[in-house]
Amino acid sequence: MTEQNGTVGNDPVRNDSVWNDTVWNGAEDDTATWDAFTPVNRAAPPPEPSPPPLPPEPPAPRPARRAVRGTLLAVAAVALAAVTVGVQWADRAAWIADRYPDEAIKDVGPGAIGTLHGMSWGAALAVQPPPPGGVPGVTTLLADVRLTPASAEAVRDYLTPRFEVRDRAGHRWEALPASTPISSDLAPGEETRFQVVSAVPETVSGTAELVLTYSPAETLRFAR
């Protein structure tokens, strides 16, 4: 039995056999062919790689352990700083001791002679009367210094020493030579005299002593 197109009510009834033959088999349109079983060539893009998983978060340190670790680090830092400062102070002390050795003073009694740098030295210290218009409480000391070279080599190598006036408490006052000899003024075995002047407090005028020095290890102190 062949189905025919008809109407049901006001709607036309489609004859599937005729519709299939005329439309989908190309009876009306040569280009309108379609095969439901032919796969469509649609190349799908490859799936994007998934990101690597995140590493697990480390467990939070316990507050007590964190405090202990901080304390240990602080103690280590303080210890390191102390060691560093100690080494620096030791190096500084060694440097000072090497360049500024302890002073070696040779005492020369009243009227006696001391030997230094190939020279025989003697000195007598006297208090001078205050000059007119002088500073109250200040006294002038005048030292009469005697110098005798022992040899021509001592004359050739002669240098003027540095003079000071000191008390036994460690106070020092500058002393200036009034006139100092030079090598051409000296002769082996001959005594040469010159004077040294200093101003000191009146309270030490009877105890202050003249000191002659070339270096800390080469120092004469003329006792009174």
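Now for a quick tour of the structure. (Residues numbered from 1 in each chain as written. Predicted model: local features only at pLDDT ≥ 70, side-chain atom pairs only at ≥ 80, totals over all residues. Heavy atoms only, no water.)

This brings us to the overall build of the protein chain. In terms of helices and strands, the protein chain carries three helices and 11 strands. Order of helices (α) and strands (β) in the protein chain, N terminus to C terminus: β-β-α-α-β-β-β-β-α-β-β-β-β-β. When burial is assessed residue by residue, the protein chain has 22% of its 224 residues classed as buried. Within the protein chain, contacts between residues at least 6 apart in sequence are counted, and of these 63% link residues at least 24 apart. Counting every atom, the protein chain has about 16500 Å² of accessible surface; 59% of that belongs to carbon and sulfur. (Helix = DSSP H or I, 4+ residues; strand = E, 2+ residues; numbered from the N terminus. Buried < 20%, exposed > 50% of the residue type's maximum accessible area, 1.4 Å probe, protein only. Contact = heavy atoms within 4.5 Å. Areas by Shrake-Rupley, 256 points an atom, 1.4 Å probe, with all protein chains shown as cover.)

Time to look at the environment of Q128. Here Q128 is to be found in strand β5 (residues 119-128). With a relative accessible area of 28%, Q128 lands in the partly exposed category. On a C-alpha basis, the gap between Q128 and V197 in space is 9.8 Å, while along the polypeptide they are 69 residues apart.

Let us now look at unusual backbone geometry. Of note, the phi angle at H117 is positive, near 60 degrees, even though the residue is not glycine. Along the chain, H117 falls in the loop between β4 (114-116) and β5.

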